[in-house]
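Coordinates in review
Here is what each chain is made of, one letter per residue.
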Amino acid sequence: MGINKYDFNEKNILKFDSNEHELAIATKNLQVFYGDKHALFDGDLEFERYKITSLIGASGSGKSTYLRSLNRMNDNVARVEGEIQYRGLNVNSKKINVYEMRKHIGMVFQRPNPFSKSIRENITFALKEQGLKNKKKLEEVVESSLKDAALWDEVKDDLKKSAWSLSGGQQQRLCIARTIAMKPDILLLDEPASALDPISTSKIEETLVELKKRYTIIIVTHNMQQASRISDYTAFFHLGHILEYDKTKHIFTTPKVTATNDYISGNFG
Amino acid sequence: MKTKFQNNVAIAVIRVIAVLVVLILAFLLGDILISGVPHISWHFLTAPSQAFTSGGGIGVQLFNSIYLLLLTLIISFPISLGAGIFLSEYAPKNIFTATVRMAIEVLSSLPSVVVGLFGFLLFVVQLDMGFSILSGAIALTFFNLPLLTRNIEESLRAVPDLQREAGLSLGLSKWRTVIKVILPEALPGIITGVVLGAGRVFGEAAALIYTAGQSATNIDFGNWNPFNATSPLNLMRPAETLAVHIWKINSEGVMPDAAAVSAGSSAVLIIAVLIFNFSARVIGNQLYRKLTATK
């Protein structure tokens, strides 16, 4: 049995009734190519506002590729075709100001990547770049975003210290704080806890559950327990195809697609 | 047994080679310093040189060396910075980039005497700049440019891509990301490279003999108007540097204490280069520590 045994036409993709659910972002026929390699075939997903959606699947399934396309971080390495609908705009269009767009669709990466600056500057840096100079305002944002990322109590006396003096888990929460300081609509997280220990991981998860009250969160994860613990919806990716997308509890209890069933029960490939 | 024996032999040979390298270096340094340091005095470091009588110093040459070094850095650093940023952050893979890279490679392998002769023909003769500090600084720029560019490019490249993504994901343009995130992080490496390059430039003679010239005209340290012919800052005056001075004394020096002046100058030159090297290390490490907060 090879990894290709599944029928890519066997799909179960959830669509939302727009009268009952508010959509944050949606993709239509999103396709990604790395050179000649077709890495994502049929990205058709809708994401509900103020929910956590997990993207799961094996390595190379296209889930990170999909996520990184949403705020166009793939622009320089790949060709992305199709539509990304955000607030009535196709943000995958050439006319879109990607820098402005990324303030609305923020991203946190797999490995913590704070700037080599102080904790405070990590948060104020991008705001200052935007022209925010009011010190009082900046301090407020530092406090509120660190509180949102559940880091304030741990660092409030050390804001001048370098971000690299923090532990890995703290650095990652600082990166979350830095992203939400921009007041985005949507938070994209690319395996944010994969480089962290279990305690830091659970702190990040608590933070995310708290954050979904005000942000739409889309998270790529290798960790199926994590997906089932925190997310409302889950999409299963396989070899560049999205085979199943449903409520998380359906995905993990009664998946409709053979490949999903095999993947979550560990019978994969 | 055989494996162990081979291993021991290999380690022994490598150790001998390492010790040999250190010994050669120590012998060279020791010889120069032992014969030169006794001649170094405040008078020697500040007095003008004498062509026919003993008791001359190297004040003018020392000043020329430092001034020329500063000018070279002022000219070459911005150019290298631009080229380094382009090559590391923006250069697409095409013929143009390949040509730039090859040009830098060729430039870095040019013998310095060829650079000097080229500078002589183009600047000194063709452009009528004469033997001057400016001609010398431009020749040294050719000499310094490829190394500095390569160093800046590599320092920038060493910054993880995660930092670029961090900047971009916060809505910064690529340019702002490079300037405000990548460049500060690469700074320790860049500074180290600049100072090491400065050491090389400071000791360079061949490229200067035909450009900055071999005569230390009398300069008046009380006159800092750069447009005045006797001003130390005048760009168009010929300026013999310390390294050229050593070469000249040894090939045609007629002063009675030529050997002593040569030894003293060599020691000063070596000490200066050593200071450059050590400070490069110290500054680089301290900047790195400051930026990353590692103890």
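Above this text is the structure in question.
An account of the accompanying structure is given in this report. (Residues numbered from 1 in each chain as written. Chains lettered and ligands numbered in written order. Predicted model: local features only at pLDDT ≥ 70, side-chain atom pairs only at ≥ 80, totals over all residues. Heavy atoms only, no water.)

1. Notes on the overall build of chain A
Where we set the bar: Numbering of helices and strands starts at the N terminus; helices are DSSP runs of H or I of at least 4 residues and strands are runs of E of at least 2. The cut-offs for exposure are 20% and 50% of the maximum accessible area for each residue type, with area from a 1.4 Å probe on protein chains only; residues under the lower value are buried, those over the upper are exposed, and the others partly exposed. Residues are treated as being in contact if the distance between any of their heavy atoms lies within 4.5 Å. Positive: Lys, Arg. Negative: Asp, Glu. His and the chain ends are not part of the count. In plain terms, the charge of a residue is placed at NZ if it is Lys, CZ if Arg, CG if Asp and CD if Glu.
Per the secondary structure count, chain A includes ten helices and twelve strands. Summarising its shape, the C-alpha atoms of chain A cover approximately 60 × 45 × 40 Å along the three principal directions. Within chain A, the fraction of its 269 residues that count as buried is 55%. The long-range share in chain A, meaning contacts at least 24 apart out of those at least 6 apart in sequence, stands at 71%. Once the 39 positive and 35 negative side-chain charges of chain A are each reduced to a mean point, those two points are 6 Å apart.

2. Focus: unusual backbone geometry
Residue and element names in this part refer to chain A. Phi is positive for K183, close to 55°, though the residue is something other than glycine. Topologically, K183 is positioned in the loop between α6 (168–180) and β9 (186–190). Looking at K183, the relative accessible area reads 56%, which means it is exposed. Residue E191 is not a glycine yet carries a positive backbone phi of 45°.

3. Structural notes on helix α6 (residues 133–157) of chain B
Residue and element names in this part refer to chain B. Note the cut-off: Expected helix span is taken as 1.5 Å per residue step, with the number of steps being one fewer than the number of residues. Throughout, the bend at a residue refers to the angle made by two axes, fitted to the seven residues ending there and to the seven starting there.
A rise of 1.5 Å per residue sets the reference length of α6, with its 25 residues, at 36 Å; its end C-alpha atoms lie 34 Å apart and thus fit the reference within 8%. Of all the bends found along α6, the most pronounced is centred on N144 and spans about 40°, while P146, a proline, follows it within four residues. Within α6, 18 of the 25 residues are buried, which leaves the element mostly enclosed by the surrounding structure.

4. Considering the sheet that holds strand β1 (residues 12–13) of chain A
All names here are of chain A. As a reminder of what qualifies: Any two strands with at least two DSSP-identified bridges between them are counted as paired. To obtain each axis, a line is fitted to C-alpha atoms, and for helices this fit is confined to the stretch in contact; angles are then taken between N-to-C directions over 0 to 180 degrees.
The strand order across the open sheet formed by seven strands is β1-β12-β11-β5-β10-β9-β8, and the pairing between neighbours is mixed. Each of the sheet's edge strands pairs with one partner strand only, and the pair in question is β1 and β8 (105–108). Against the sheet, helix α1 (residues 63–70) engages β5 (52–57), β8, β9, β10 (216–220), β11 (233–238) and β12 (241–247), with an angle of about 150° to β9.

5. Here we look at the pattern of salt bridges
Put simply, the test is: Each reported salt bridge corresponds to a side-chain nitrogen of Lys or Arg within 4 Å of a carboxyl oxygen of Asp or Glu.
Taken as a whole, this structure holds 24 salt bridges over all chains when the rule is applied. Here E22(A) makes a salt bridge to R49(A), at a shortest N to O gap of 3.0 Å. Linking E22(A) in the loop between β1 and β2 (23–34) with R49(A) in the loop between β4 (46–48) and β5, this pair joins segments that are 27 residues apart in sequence. According to the relative accessible area criterion, R49(A) is partly exposed, its value standing at 24%. Residue E89(B) pairs with R164(B) through a salt bridge whose shortest N-O separation is 2.7 Å. Placement of E89(B) in helix α3 (residues 59–90) and of R164(B) in helix α7 (residues 161–169) is noted, with a sequence separation of 75 residues between them.

6. Focus on the packing of helix α3 (residues 119–129) of chain A against α6(A)
All names here are of chain A. How we decide: Working rule for angles: under 35 degrees goes down as roughly parallel, over 145 as roughly antiparallel, 65 to 115 as roughly perpendicular, anything else as oblique. Should the near helix be turned anticlockwise from the far one by less than a right angle, the crossing is left-handed, and should it be turned clockwise, the crossing is right-handed. For this classification, the nonpolar set comprises Ala, Val, Leu, Ile, Met, Phe, Trp, Tyr, Cys and Pro, the charged set comprises Asp, Glu, Lys and Arg, and every other residue, Gly included, is treated as polar.
Relative to each other, α3 and α6 sit at 30°, their axes nearing to 8 Å. One way to sum up the angle between α3 and α6 is to call them roughly parallel. Of the two elements, α3 crosses α6, and the hand of that crossing is right-handed. Within the contact between the two elements, α3 uses I119, N122 and I123 and α6 uses L174, A177 and R178. Class assignment of the residues belonging to the contact of α3 with α6 gives a composition of four nonpolar, one polar and one charged.

7. Regarding the interface of chain A and chain B
Keep this limit in mind: Put simply, buried area is the surface a 1.4 Å probe can reach on two separate parts but cannot reach once they are joined, added for both. What qualifies as a polar contact is a pair of N or O atoms within 3.5 Å, subject to a donor-acceptor requirement within protein and to the restriction that residues adjacent in sequence count only when both atoms come from side chains.
Listed by partner, the interface residues are 22 residues for chain A and 19 residues for chain B. In terms of surface lost to chain B, no three residues of chain A exceed Y99(A), S116(A) and E129(A), which account for 27% of the buried area on that side. Across the chain A-chain B interface, the total number found is two salt bridges. Put simply, E165(B) and R68(A) hold a salt bridge, and the shortest N to O gap is 2.6 Å. Applying the counting criterion to the chain A and chain B interface returns six residue pairs in polar contact (both at pLDDT 80 or more). Here the residues of the side of chain A that touches chain B sort into ten nonpolar, five polar and seven charged.

8. Regarding a nonpolar patch on the surface
Residues and elements named next belong to chain B. Under the convention used in this document: A patch is a set of surface residues, each over 30% in relative accessible area and not in a salt bridge, joined within 9 Å for like charges and within 5 Å for the nonpolar side chains Val, Leu, Ile, Met, Phe, Trp and Tyr. Using a 1.4 Å probe, accessible areas were evaluated by the Shrake-Rupley method; residue-level cover was limited to the displayed protein chains.
A contiguous nonpolar patch, built from M102, V106, L110, V113, V114, L117, F131 and Y210 and spanning about 650 Å² of accessible area, is present on the exposed surface. Secondary structure elements with two or more residues in the nonpolar patch: α4 (95–109) and α5 (112–126). Looking at which element gives the most residues to the nonpolar patch, the answer is α5, with three residues. On the basis of relative accessibility, which here comes to 39%, the residue L117 falls in the partly exposed class.

9. Describing the pairing of β11(A)
Residues and elements named next belong to chain A. Of all six residues in β11, six are buried; the element is thus mostly enclosed. Taking every second residue as pointing to the same face, both faces of β11 are buried, with Y233, A235 and F237 on one and T234, F236 and H238 on the other. Bridge analysis of β5 against β11 gives five bridges, and the strand direction is parallel. From the neighbouring strand, S54 faces β11, where its bridge partner is T234. As paired elements, β11 and β12 share six bridges and run antiparallel to each other. Paired with F237 across the strands is I242, a residue of β12. Linkage of β11 to β12, two consecutive antiparallel strands, is achieved through a turn of two residues, within which L239 is found at a positive phi near 50°.

10. Quick notes on the nonpolar core
Stated precisely, the cut-off is as follows: Nine residue types can take part in a nonpolar core, namely buried Ala, Val, Leu, Ile, Met, Phe, Trp, Tyr and Cys, and a core is a set of them joined through side-chain atoms within 4.5 Å.
Ranked by size, the top nonpolar core spans 90 residues in total, and within it L146(A), L174(A), I176(A), L189(A), L208(A), L211(A) and I217(A) carry the most contacts. Counting residues per element, this core draws most heavily on helix α8 (residues 174–202) of chain B, which supplies eleven residues. Those residues within four positions of I176(A) in sequence are excluded, and the remaining contacts are V108(A), A149(A), L189(A), I204(A) and L211(A). In terms of nonpolar packing, the next biggest core, distinct from the first, is built from 35 residues, I25(A), V220(A), F237(A) and I242(A) among them.

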